Amino acid sequence: MVTQMKTLDDYKNAYKASVENPEQFWADQADKFVWKKRWDKVLKWDFKGPDVRWFDGGKLNITENCLDRHVEVRGDKTALIWVGNEPDAPNKTYTYKELFLKVNKFANALKAQGVKKGDRVVFYMPMIPELMIGMLACARIGAIHSIVFAGFSAQSLADRIIDAEAKVVICSDYNRRGAKNIPVKTVVDEALALGCKTIEKVIVYKSTGGDMVWNPDMDVDYCKIMDGVAEFCEPEAMESEDPLFILYTSGSTGKPKGVVHTTAGYMVFAAYTFKNVFQYQENDIYWCTADIGWVTGHSYIVYGPLLEGATTMMFEGVPSYPDAGRFWDIIEKNKVTQFYTAPTAIRALMAEGDEFVEKYDLSSLKVLGTVGEPINEEAWMWYFEKVGKRAKPIVDTWWQTETGGILITPLPLITDMRPTFASYPLPGVQPILVDPAGNLITENGVEGLLCIKFPWPGILRTTWGDHVRCRQTYFSAFPDLYFTGDGARRDEDGRYRIIGRVDDVLNVSGHRIGTAEVENAINMAPGVVESAVVGFPHDIKGQGIYAFVIAQGSVDNIDELKKSIINSVRVEIGPIAKPDIIQIVPGLPKTRSGKIMRRILRKIASGDMSNIGDISTLLNPEVVEEIKKNAPTL
Ligand code: PRX
């Protein structure tokens, strides 16, 4: 049984085995882990419910596999290298033994605060080691972690806390990002004032020592509760299908939903994909630049690398501070071997000029990765030429919060590369294309809607508190298929190229944002009657946000109105969802049944005015001319 593919034949054989006998294939991958009780059945599934169960009947604790398992064989190996925001600050490193100790102690500290198996713990934290320690401590005691990206607003944080009915929030005092120092604890206090009734404690890690309001009834000092606690915490025996974490993500309707991942399947999938996609070797230094607030950080900073006994790096800062050479400086200093980042970061750094990247010695690199959004050919070539010096493979990895791990990707030096193509499915992944009526598209050289027809171990199991929503969102568009929401092209050789979302979800700098959420936020601004939000092509962000807004009465001061719209988005969601362009319009193009014709708005937003298509069936065709006339030139 091959756990790490090395050749094209390995890949072909593994793929074949995974389709012909998926249960055997994944049992072989799961065998190396520590199980408190072996599973009864590898896979039971039904996409109608959906009801997917991997390694059913098994018992395990994922932290035993991330930590205890390695302490014996590589206890003194560095598990985590933490690189701080300031370029001259020394790294902090943790060996497997040290990380094990911290996690055990914090697990005991959480227990002492009354956190139990099944409780939800929300994290609102910058990229500091205590975040990783905290999430592993939750997993150790069976509490379900839900990490909220620390750039979200108090309202967004409150929405997630309320939906998850969380018992505890864990945060820092401040968040150092580049030249900014963001008051994290203040945002948590604001969120709690918005009606988070289930929260009993706020655990605060004083990372900067800056001033903050302290509420003695609620607030607990992270360091104080770590004092004097026992150094070992017995890992809770979790069922294979017990939830490990909830991660909120945006969809085409309503508020973000809590994607639920469970223990055993996620573990096996995160480990297998990490080891194979990055071809990790024992002494490599692996760095993923994502924030742990997104799924990429969960699977490929924390769980995947630790499960494989890797050295994983975590960076507190931003790519542009103190200058656009920061990533390359970190790679040189730390001799990074695998580097995994987002196309938006590549485009932003590319725009700053080649001199930043050319200054550094990047010869330690072995594999370059991208994730989160389609990568355009220019950015791909720049990454290949300037960072990889035309010698290092690029893995363009396609996956989603819901998939738990990478599904479609080249394998470095194993399968071929074609710029902008995520290429081939990993073993265990069975993608298909369908047309909008759900007919299977069998030929190559075509575009279609990307679906997956068979479960892989990392697939989401439900959406927190609302299983029907999970069914409707992912399993109802086409019977017996998981629908990804993405459109894709399959080339003559069977490689997939992801085109982008076909639903009302935007991808702005690799962040997933629902148009409905942004419209809701805009509509809450005083003086706004209605709005429609669409994406438009943006050189750095991939997609920008274009808002068409109907204002109440005549507007005296358009700038004021725009400011208040932007402010409302900041307050309701956070700065990442701020519109790039706001156009005040007299009306929105609607069908006779009142549906906004976004297709027309998308054309206008992309500057393609010539080819708007048929508007004769609209309720108000005249507004289209008005909107076109006043659209800003991009
Ligand atoms: O549209 C696809 C895009 O990001 C979406 C998933 O976003 P999220 O759940 O936030 O997860 C991002 C990180 C895994 C997908 O539906 N996407 C992700 N990776 C790629 C991509 N689009 C093109 N190429 C990719 N490599």
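For the structure itself, consult the block above.
Residues numbered from 1 in each chain as written. Predicted model: local features only at pLDDT ≥ 70, side-chain atom pairs only at ≥ 80, totals over all residues. Heavy atoms only, no water.

> Break down the sheet that holds strand β12 (residues 219–221) for me, citing the residues and quoting the values.
Spatially, the 8 strands line up as an open sheet ordered β12-β11-β8-β6-β7-β14-β15-β24, and their pairing is mixed. Two strands bound the open sheet, and with one partner strand each, they are β12 and β24 (462–463). Across 3 bridges, the pairing between strand β11 (residues 201–205) and β12 is parallel. The partner of I203 across the bridge, within β12, is V220. Of the strands in this sheet, β6 (120–124), β8 (168–172), β11 and β12 touch helix α7 (residues 184–192), which is tilted by about 155 degrees from β8. (Pairing = 2+ DSSP bridges. Helix = DSSP H or I, 4+ residues; strand = E, 2+ residues; numbered from the N terminus. Contact = heavy atoms within 4.5 Å. Axes fitted to C-alpha atoms, helices over the stretch in contact; angles between N-to-C directions.)

> Before we move on, can you summarise the packing of helix α2 (residues 22–30) against helix α9 (residues 263–277) with the specific residues and values?
As a packed pair, α2 and α9 sit with axes 10 Å apart at the nearest point and diverge in direction by 80 degrees. When the axis of α2 is compared with that of α9, the two are roughly perpendicular. Contacts between α2 and α9 involve F25, W26, Q29 and A30 from the first element and V268, F269 and Y272 from the second. Here the contact of α2 with α9 is composed, by residue class, of 6 nonpolar, 1 polar and no charged. (Parallel < 35°, antiparallel > 145°, perpendicular 65-115°, else oblique. Nonpolar A, V, L, I, M, F, W, Y, C, P; charged D, E, K, R; others polar.)

> Can you break down the nonpolar core residue by residue, with the values?
The biggest cluster of nonpolar side chains holds 119 residues, and the ones touching the most others in it are F55, L99, F106 and Y303. Looking at which element gives the most residues to this core, the answer is α9, with 10 residues. When residues no more than four places from it in sequence are discounted, the contact partners of Y303 are I62, C66, M135, L136, A139, H145, L244, Y266 and H298. Membership of the second largest hydrophobic core comes to 42 residues, among which are F152, M218, A547 and A577. (Core = buried A, V, L, I, M, F, W, Y, C linked by side-chain atoms within 4.5 Å. Buried < 20%, exposed > 50% of the residue type's maximum accessible area, 1.4 Å probe, protein only.)

> An account of the site of the ligand is needed here, citing residue identities and associated values.
Taken together, 17 residues surround the ligand, and among them D396, T397, T401, D486 and R512 come closest. One of the side-chain N or O atoms of R512 is found 2.7 Å from an oxygen atom in the ligand. Burial of the ligand by the protein chains amounts to 95% of its free accessible area of 540 Å². Of all the secondary structure elements, the ones that give two or more residues to the shell around the ligand are α10 (295–307), β20 (394–397) and β26 (496–501). (Near = heavy atom within 4 Å. Polar contact = N/O pair within 3.5 Å; in protein donor to acceptor, adjacent residues only side chain to side chain. Areas by Shrake-Rupley, 256 points an atom, 1.4 Å probe, with all protein chains shown as cover.)

> Can you break down the pairing of β26 residue by residue, with the values?
Judged from the 5 bridges that link them, strand β25 (residues 482–490) and β26 form a sheet pairing that is antiparallel. Within the sheet, the bridge partner assigned to R489 lies in β26 and is R497. Between the antiparallel neighbours β25 and β26 lie 5 residues, among them G494 with a positive phi of about 90 degrees.

> Residue-level account of the environment of Q113, with values.
Examined against the element boundaries, Q113 turns out to sit in the loop between α4 (96–112) and β6. Along the sequence, Q113 and K201 sit 88 residues apart, while their C-alpha atoms lie 8.0 Å from each other.

> I'd love a proper account of the packing of aromatic side chains, names of residues and values included.
The final tally for this structure, using the stated rule, is 46 aromatic pairs. Aromatic side chains W287 and F327 sit 5.2 Å apart centroid to centroid with 80 degrees between the ring planes, which places their arrangement in the edge-to-face category. With W287 in strand β16 (residues 285–288) and F327 in helix α11 (residues 326–334), this pair connects stretches of sequence that are 40 residues apart. Of the residues examined, W287 reaches a relative accessible area of 0% and is grouped as buried. (Phe/Tyr/Trp six-rings, centres within 6.5 Å; stacked < 30°, edge-to-face > 60°.)

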